[in-house]
Amino acid sequence: MRRDNVKIALFFIFVSFVLTMSILMGIFFTMNSYVQQKKSKIPFYIFLKSSASPKDVKDLIENIKQFKGVDRVKFIDKKEALKRMVKKFQIDPSLFVSNPFPYSIEVFFKPDYISEQFFERFREYILSPIVDSVKYPKRVLEEIEKVHLKMVYFSEIVMAVLYGVEFIVFLSIMTIFYSHRKFDYDTLKFFGIKRFTIMRLFLKETMTPILYGFLFSVVLVVALYFIYEKYGQLPFISKELFQSAQKDTFILNIVIGFFFTLFSSILVFLINDEKV
Amino acid sequence: MVEFINVTKSYSNYPIFVNLSFRIVPNKINQIILPQSAGKSTILKMIYGAEKPDSGFVRVFDFNVTDLNYTGILLLRRYLGIIFEDIRLISNMTVKENLKAITRLTKRNLFLSEEIFEMLSIEHLLDKYPFELSISEQSLVNIARGVIYNFPLVIADEPLRYLSFDYKVKVINLFKHLNENKGITFLIATLSPIDDDFYTIELNYEKG
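Now for a description of the structure that goes with this document. Residue positions within a chain follow its written sequence, with the count starting from 1. By the order in which they are written, chains take letters starting at A while ligands take numbers starting at 1. A pLDDT threshold of at least 70 governs which residues receive local features in this predicted model, and a stricter bar of 80 or more applies before side-chain atom pairs are shown or counted, although totals over entire chains, interfaces and linings include all residues. With hydrogens and water stripped out, all remaining heavy atoms of the structure feed into the side-chain values.

### Brief notes about the overall build of chain A
- Strands here mean DSSP runs of E at least two residues long; helices mean DSSP runs of H or I at least four residues long; both are numbered from the N terminus. In terms of regular secondary structure, chain A is built from seven helices and four strands.
- Listing every helix and strand of chain A by position from the N terminus yields α-β-α-β-α-β-α-β-α-α-α.
- A compact globule built from 276 residues should have a C-alpha radius of gyration of about 19 Å, whereas chain A, at 30 Å, is more than 25% larger.
- Dimensions of chain A, computed from C-alpha atoms along their principal axes, come out at roughly 100 × 40 × 30 Å.
- Buried, partly exposed and exposed residues are distinguished by accessible area as a fraction of the type maximum, computed with a 1.4 Å probe on protein chains only: under 20%, between the cut-offs, and over 50%, respectively. Within chain A, the fraction of its 276 residues that count as buried is 42%.
- Residue contacts are defined here by distance: any two heavy atoms, one from each residue, within 4.5 Å place the two residues in contact. Excluding contacts between residues fewer than 6 apart, the proportion of contacts in chain A whose partners are at least 24 apart in sequence is 83%.
- All accessibility values rest on the Shrake-Rupley procedure with a 1.4 Å probe; residue burial counts only the protein chains present in the view. For chain A, the accessible area works out to roughly 16,000 Å², and carbon and sulfur atoms hold 65% of it.
- Charge counting follows a simple rule: Lys and Arg are positive, Asp and Glu are negative, and His as well as the terminal groups are ignored. Every charge is mapped to an atom, namely NZ of Lys, CZ of Arg, CG of Asp or CD of Glu. Here chain A carries 38 positive and 27 negative side-chain charges, and the mean point of each set is 3 Å from the other. Radius of gyration: C-alpha atoms only; globule rule: 2.2 Å multiplied by the number of residues to the exponent 0.38.

So, in C-alpha cells, the structure goes:
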C-alpha cells in the first residue's frame, strides 16, 4: 500500500501532542506539589498555660486530630523544649533556675487546606481555657500563598492556550485529511453509500494513526521513564513525585488526544461534507 | 427507463441545453453522441442526481429525479451501474476491494459476476492498488465496477477513452454480452459512434 503522508502527519501530531502536553503538565503538577509540600511544613503553634494538666493536654490533642485538614500533631514537652534550646544555642543549662517554657503543640495541616482563612478558623476552633496563645508564621504563609496562586494561574493560562492551539492544529490536519480523501468519499456517494457510513469510514481512517500513535507514545514514555530513573534527577524534586505526576498527565493527555481527534474529525466532516 | 422532458440546464447563466428531450430504449445499448464539452457528462450526472436541471423532468425508473430528496437519490444510485469518465477508483482500496465496496458498504448481498474478470483480463490485477495500475488498467477496473453487479441500467461516460483497440473490442463485446444475456440496458455518452449495433439516441434541444 502506498505511504499516506497525511496519516503519518496525524500520527506525529498526536505523539507530539501527548508528549509535549504531558511533560509540560507534569512539570506544572510537580512544581505545584513542591509548593504544597513546602506549605504543609508551615507549623501552627499552640502554647498552653502552665496550669494545664497532662489529661487536659491529651484531650486537646484528640480534639485537634478531629479537625478536618489536620495532618499531624506534635506535642512538645517543657523539658524537651528547654533541652532543644540549650542544644541549639549551646547555653549552660545551670543558668536556668526554672523552666521558662510552657507545654506546646505543633500542628501541621494537609497541603490543600493551608490558607490564612483556614488558620484563622482553626485558631477560633482551638480556643480553650488551657490555651495561652497561638502563633503561626503569617508573613511566610502569605508569601507562599501568593507565589502558589500566581503559579497556578500562570500554569492554567499556559495550558489553556496550548490546548486551544493544539485543537486548532488537530482541526487543520483533519481538514487536510478530509480534502485529501474527498474525491474517494464523493465517489462512494455516487454508488448510493450513505454519508453516515462515509463518516464512519473517515473516523476509522483518522483513528487508526492515533491508535498507532498511542502505542508508540507508551513505548516512548516507558523508555523515558527508564532513562530518567537511571540518569535523571531534577533538583529539589524527588523522582517519585515527578514520575507520579508524569504518569497521571500522560493518561490524561492520551484521553484528551483521543477526544480532540474524534471531535475534530466529526466537526470537519460535518462542516466540509457535501451532498453530491 | 430514462426520459428527459424539456430539460434546461445552464452553468453560470450560460445555457448548455434548452428544452432537451429524449428517451432511451430499454434492453438496448444506447449511445449519446455529442462533441467535446457539449454536455455529455452533465446529461449522465442529471441521471444519477449529481446535477439538477434548472427546469424540466428527468425520469429514471419511474422516479422524477428532480423531485427526489438526497436519501431518495442515494437509493436510486444503488440500482445504477456507473462508469465514470475520470475513472474514480478508491485510492486506498485494492481492485478487489474497489469492486466489492458497493456490496460491503451498502450491506447488500449482491451477486458479483466474476466472469467479468476473465472477459476483461483483469484477474491478475485484483490485489493491486489503483496507483500500481496503468491508466488503461484502471479504466478496465472502472468498467468492471460498473457492470459487475448486473444492475438493470448502466450509464457510462466515454468508457473507451483510455483503451487500446484490442481492449475497446473486448469492452464492446462485454457490453453486448451483458445486454443480450442479462438484459442490461446501457446508456453510453461518447464523442463518436462506437458500434453499428448500438442505438444512437436522437437528442432534441435548442442550443444554448
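### Focus on a nonpolar patch on the surface
All names here are of chain A.
- A cluster of nonpolar side chains, namely Ile23, Ile27, Met31, Leu224, Phe226, Ile227 and Tyr231, defines an oily patch on the protein surface of about 680 Å² accessible area.
- Where the nonpolar patch is concerned, the elements lending two or more residues are α1 (5-40) and α6 (195-231).
- If you tally residues by element for the nonpolar patch, the top one is α6, at four residues.
- Along the polypeptide, Met31 turns up in helix α1. Like charges are joined within 9 Å and nonpolar side chains (Val, Leu, Ile, Met, Phe, Trp, Tyr) within 5 Å, but only among residues with over 30% relative accessible area and no salt bridge; these make up the patches. The term salt bridge refers to a side-chain nitrogen of Lys or Arg lying within 4 Å of a carboxyl oxygen of Asp or Glu.

### Thoughts on the interface of chain B and chain A
- At the junction of the two partners, chain B supplies 22 residues and chain A supplies 22 residues.
- Across the chain B/chain A interface, buried area totals approximately 2,200 Å², and carbon plus sulfur atoms make up 66% of it.
- What counts as buried area is the accessible surface, traced by a 1.4 Å probe, that two parts surrender upon association, with contributions from both included. The largest per-residue losses of area from chain B upon contact with chain A belong to Tyr70(B), Arg88(B) and Leu105(B), which jointly make up 29% of the total buried on that side.
- Where the side of chain B that touches chain A is concerned, the elements lending two or more residues are α2 (70-77) and α3 (95-105) of chain B.

### Looking at the sheet that holds strand β9 (residues 199-200) of chain B
All names here are of chain B.
- DSSP calls a pair of strands paired once it identifies at least 2 bridges connecting them. Strand order in the open sheet formed by five strands is β6-β7-β8-β3-β9, with parallel pairing between adjacent strands. Of all strands in the sheet, those with a lone pairing partner are β6 (80-83) and β9, marking the two edges.
- Two elements, strand β7 (residues 153-157) and strand β8 (residues 185-190), share five bridges in a ladder whose sense is parallel. If you follow Leu153 over to β8, its bridge partner there is Thr185.
- Axis lines are fitted through C-alpha atoms, for helices just across the contact stretch, and the angle between N-to-C directions can take any value from 0 to 180 degrees. Helix α6 (residues 165-182) contacts β3 (29-33), β6 and β8 of the sheet and is inclined by roughly 150° relative to β8.

### A look at the pattern of salt bridges
- Overall, the coordinates contain 23 salt bridges over all chains when judged by the stated rule.
- Salt-bridge contacts for Asp59(A) lead to Lys55(A); the nearest nitrogen and oxygen are separated by 3.0 Å. With Asp59(A) and Lys55(A) both in helix α2 (residues 54-66) and four residues apart, this pair spans about one turn of that helix.
- With relative accessibility at 39%, the residue Asp59(A) sits in the partly exposed group.
- When the shortest N-O distance is used, the salt bridge between Arg88(B) and Asp86(B) registers 3.6 Å.
- The exposure class assigned to Arg88(B) is buried, which follows from its relative accessible area of 12%.

Structural measurements only, silent on function.
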